Protein chains: 2
Amino acid sequence: MVEPIAELIEALSRLPGLGRRSASRAALALVREQLRLLQPLEGALKRAKNEVCCCAQCGAFTVRSENPCKMCTDPARDDSIICVVEEPSDIIALEGSGAFKGRYHVLGGKLSPVRKMGPEKLRIAELVDRIKSGGAKEILIAVSTDMEGDATAGYIQSVLEGAGSGVKVSRLALGLPVDSGIAYSDPLTLRRAISSRTFDF
Amino acid sequence: MVEPIAELIEALSRLPGLGRRSASRAALALVREQLRLLQPLEGALKRAKNEVCCCAQCGAFTVRSENPCKMCTDPARDDSIICVVEEPSDIIALEGSGAFKGRYHVLGGKLSPVRKMGPEKLRIAELVDRIKSGGAKEILIAVSTDMEGDATAGYIQSVLEGAGSGVKVSRLALGLPVDSGIAYSDPLTLRRAISSRTFDF
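Keep in mind that what you see is a predicted model, and the values were worked out from it rather than measured. (Residues numbered from 1 in each chain as written. Chains lettered and ligands numbered in written order. Predicted model: local features only at pLDDT ≥ 70, side-chain atom pairs only at ≥ 80, totals over all residues. Heavy atoms only, no water.)

J.: For the pairing of strand β4 (residues 102–106) of chain A, give the residues involved together with the corresponding values.
T.: All names here are of chain A. Counting buried positions along β4 gives 5 out of 5 residues, so the element sits mostly inside the fold. Sheet topology note: the strand β3 (residues 78–85)/β4 ladder contains 5 bridges and is parallel. For Asp 78, the partnering residue across the bridge sits in β4 and is Gly 102. You can see the chain leave β3, run along helix α5 (residues 88–97) and come back into β4, and the turn it takes is right-handed. (Buried < 20%, exposed > 50% of the residue type's maximum accessible area, 1.4 Å probe, protein only. Helix = DSSP H or I, 4+ residues; strand = E, 2+ residues; numbered from the N terminus. Pairing = 2+ DSSP bridges. Right-handed = clockwise from strand over helix to strand, strands pointing away.)

What follows is the structure, given as structure tokens:
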């Protein structure tokens, strides 16, 4: 394997979702089809590097020419509810549901003693500032449903209560995913699905 | 989704093995971790574009400063046998087996009426020239074992016979893959494994 291709495989295999094998395949395809694959990717990386930045308000990705981002300035969206997520990718998933029309706030991660993520590394102070500047009546916490996510949600709730903000704090419901079978569900999910069972369906 | 990220997802999703979903994940990771992910990939693509070329002799990838490539000039390799493959990636797989120490010749594809790949698009004339210039006694055809590969192998065999080259033409054995079960094998493979059964194992 020549050195530049080995370097390309190495750079590609660092991406999430690409193993060594698929990185090799992608690298050879890039070299073989430079006009169709390599050059557009090279251009796109350069553009992303030069044009993308984080929205000063919500923390999601935007372009330098639109800061605050479109989501933050869209007059059709509801200022009274802010959905708190870990990463910009979570916004894409939530937007895909079509069920949320409020504003977003990106934390940039979740609390994790193992990965040395303390509250000072998350955009929590920015969230408090946003709430203090008015408009929001509800904070919907949409973080992971694991132990670190639970700790993050609990911490944010206590900070907002401590700040005397007066906003309601909610969290996404736990239960069975749509289109899943009972037999394949884990015990913890089933326990939550039973305790949160609904008569209104 | 801001435009530069959408463009990056589009460029990534063209790569083999990356669906829309993993391309999105990779794109967001690239934007988030520019120092660790985006910049090395950008540099590697630029280097690959500027330094990688095809070996004038075998057609595999090499760097401009080494042409013919290392495989073609390595004095430890056997000049008397040339292994014919479709793509440079096939060489990596064959080298991984450790069972071949001859030279290689890359066709650049296989015959395919559907994809408009005629013999003039494959490096067959170059193969005939190599054989005419002497040294090779055997041509081992290592192309796909599908209909298009069969047609390609047959075509090369007839060209070499027509050219009166006097080289022997061989092809990789067909049979069961190692570590596989009979129950999972397809009928055609089993038929070949039976007809080519060996008493010498």
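Structure shown, so let's carry the discussion forward.
J.: Which residues make up the interface of chain A and chain B, and what values do they have?
T.: Between chain A and chain B, the residue contacts involve 44 residues of the former and 44 residues of the latter. In total, about 4,300 Å² of surface goes out of reach between chain A and chain B, with carbon and sulfur atoms giving 73% of it. Inspection of the chain A/chain B interface yields 8 salt bridges. Note that Arg47(B) and Glu7(A) form a salt bridge whose closest N and O atoms lie 2.4 Å from each other. At the junction of chain A and chain B, the tally comes to 9 residue pairs in polar contact (both at pLDDT 80 or more). Sorting the residues of the side of chain A that touches chain B by element identifies α1 (3–13), α2 (20–32), α3 (34–51), β2 (61–63) and α5 of chain A as the ones contributing at least two each. Looking at which element gives the most residues to the side of chain A that touches chain B, the answer is α3(A), with 16 residues. (Contact = heavy atoms within 4.5 Å. Buried area = accessible area lost by both parts, 1.4 Å probe. Salt bridge = Lys/Arg side-chain N within 4 Å of Asp/Glu carboxyl O. Polar contact = N/O pair within 3.5 Å; in protein donor to acceptor, adjacent residues only side chain to side chain.)

J.: Outline the environment of Glu120(B), supporting the account with residue identities and numerical values.
T.: Residue and element names in this part refer to chain B. Along the polypeptide, Glu 120 turns up in the loop between β4 (102–106) and α6 (124–132). Classification of Glu 120 by relative accessible area gives exposed; the value is 63%. C-alpha separation for the pair Glu 120 and Glu 138, spaced 18 residues apart in sequence, amounts to 23 Å.

J.: Please provide a residue-by-residue account of the side chain of Arg77(B), values included.
T.: Residues and elements named next belong to chain B. Here Arg 77 shows up in the loop between α4 (70–73) and β3 (78–85). Given a relative accessible area of 9%, Arg 77 falls into the buried group. Here Glu 95 takes part through its side chain, which lies 2.8 Å from a polar atom of the side chain of Arg 77. Setting aside residues up to four positions removed in sequence, Arg 77 forms contacts with Met 71, Glu 95, Phe 100, Lys 101, Gly 102, Arg 103 and Tyr 104.

J.: Got a sec to walk through the packing of helix α2 (residues 20–32) of chain B against helix α3 (residues 34–51) of chain B? Specific residues and values, please.
T.: All names here are of chain B. Where α2 contacts α3, the two axes come as close as 6 Å, and the packing angle between them is 110 degrees. For the element pair α2 / α3, the angle class is roughly perpendicular. Residues Ala 29, Leu 30, Val 31 and Arg 32 of α2 touch α3, and the partners they reach there are Gln 34, Leu 37, Leu 38 and Leu 41. Classifying every residue of the contact of α2 with α3 gives 6 nonpolar, 1 polar and 1 charged. (Axes fitted to C-alpha atoms, helices over the stretch in contact; angles between N-to-C directions. Parallel < 35°, antiparallel > 145°, perpendicular 65-115°, else oblique. Nonpolar A, V, L, I, M, F, W, Y, C, P; charged D, E, K, R; others polar.)

J.: Describe in detail the packing of aromatic side chains, supporting the description with residues and values.
T.: Residue and element names in this part refer to chain B. For the structure on display, the rule yields 2 aromatic pairs over all chains. On the numbers, 5.1 Å between centres and 55 degrees between planes, the contact of Phe 100 with Tyr 104 is tilted. Each member of the pair, Phe 100 as well as Tyr 104, is classed as buried. (Phe/Tyr/Trp six-rings, centres within 6.5 Å; stacked < 30°, edge-to-face > 60°.)

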